[in-house]
Amino acid sequence: CLPANQERFANGKLATVQFHPSAQVVMTAGHDRSVSLFQVDGIRNPKIQSIYLENFPIYKACFSVDGEQVIATGTHHRMFFVYDMMSGSITPIEKVRGVEERFLRNFEVSPDGSFMLLTGTSGYLHLLSMKTKELVSTMKVNGRCTASAFTPDSSKIYSYSKEGEVFIWDVRSRKCLHKFEDEGCLEGKCIAVSKNNQYVACGSASGVVNLYTTDVCLKENNPKPVKAIMNLVTSASCVTFNPTTEILAVASCEMDEAVKLV
């Protein structure tokens, strides 16, 4: 296959590559301050368009669930941008009322499209309405939160702390339902919940990825992993399940080609 972005390679590090939820389109975004969209046909992969955000190296970009918007956060910014693909407008969200953070970088969009979860500093998690981009509620974990994931039905959030604890939140009541210790974890890095809600994968700084069944995670404080995946030797930076929950991809950005499919 040709490179997906062959019609416009980025000038800096790519931070995000994501397929559109319904169209045959791929988005790339990164440190060269641009978001680009490509029609993926496997033959030419023509560029649809690029938008440039001045003085805004992108930390993460993500499609909305309906595929009509792209949300982009910066590497050292309090604000974020919303790009409306239908109208072509780029809206800066300068300040979210009630959110006092120096930087906003990491975020997740709920699978039902109604919420955006911003990861703050000092363990704060800010739940925003996807429609209005206004604060709904703030939750707090002990320590520092490094990664979060919604369950497929958007009813719960799994938040992974730097200290290796996983907190399970009820989205409706914003109450903590349960917390458990990720076995052997010295520093939590990334987390994923499978599409059928059967498994939770936790990746740590040592490169070990622990796989748990969700029912055990909701009951036990020290659950035993179904499998500990030891294939990565550097810090796990990404874990993700394929749509049918048959494959788990684990990757580390600290080494070339450190991508394993389990």
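Residues numbered from 1 in each chain as written. Predicted model: local features only at pLDDT ≥ 70, side-chain atom pairs only at ≥ 80, totals over all residues. Heavy atoms only, no water.

Give a detailed account of the overall build of the chain, specifying residues and quantitative values.
Tallying secondary structure elements over the chain gives one helix and 23 strands in all. Along the three orthogonal principal directions, the C-alpha set of the chain runs to about 50 × 45 × 30 Å. Residue pairs in contact within the chain that sit at least 24 positions apart in sequence constitute 40% of those at least 6 positions apart. For the chain, the exposed area adds up to about 13100 Å²; of that, 50% sits on carbon and sulfur atoms. For the chain, the distance from the average site of its 27 positive side-chain charges to the average site of its 27 negative ones is 4 Å. (Helix = DSSP H or I, 4+ residues; strand = E, 2+ residues; numbered from the N terminus. Contact = heavy atoms within 4.5 Å. Areas by Shrake-Rupley, 256 points an atom, 1.4 Å probe, with all protein chains shown as cover. Lys, Arg positive; Asp, Glu negative; His and termini not counted. Charge placed at Lys NZ, Arg CZ, Asp CG, Glu CD.)

Tell me about the side chain of Thr146, and please be specific about residues and values.
Mapping Thr146 onto the fold places it in strand β13 (residues 145–150). Take Thr146: its relative accessible area is 17%, and that puts it in the buried class. A distance of 3.0 Å separates a polar side-chain atom of Thr146 from the backbone oxygen of Gly188. If we ignore the near neighbours within four places in the chain, the residues touching Thr146 are Asn106, Tyr160, Ser161, Lys162, Gly188 and Lys189. (Buried < 20%, exposed > 50% of the residue type's maximum accessible area, 1.4 Å probe, protein only. Polar contact = N/O pair within 3.5 Å; in protein donor to acceptor, adjacent residues only side chain to side chain.)

Please set out the sheet that holds strand β23 (residues 259–261) residue by residue, giving values where relevant.
Backbone hydrogen bonds hold the strands of a sheet together, and the pairing may be parallel or antiparallel. Pairing within the open sheet is antiparallel, and its three strands lie in the order β21-β22-β23. At either end of the open sheet lies a strand with only one pairing partner, and these are β21 (238–241) and β23. The sheet shows a mean angle of 15 degrees between the axes of neighbouring strands, taken without regard to direction. Both strand β22 (residues 248–251) and β23 contribute to a ladder of three bridges, which runs antiparallel. Paired with Ala251 across the two strands is Val259, which belongs to β23. (Pairing = 2+ DSSP bridges. Axes fitted to C-alpha atoms, helices over the stretch in contact; angles between N-to-C directions.)

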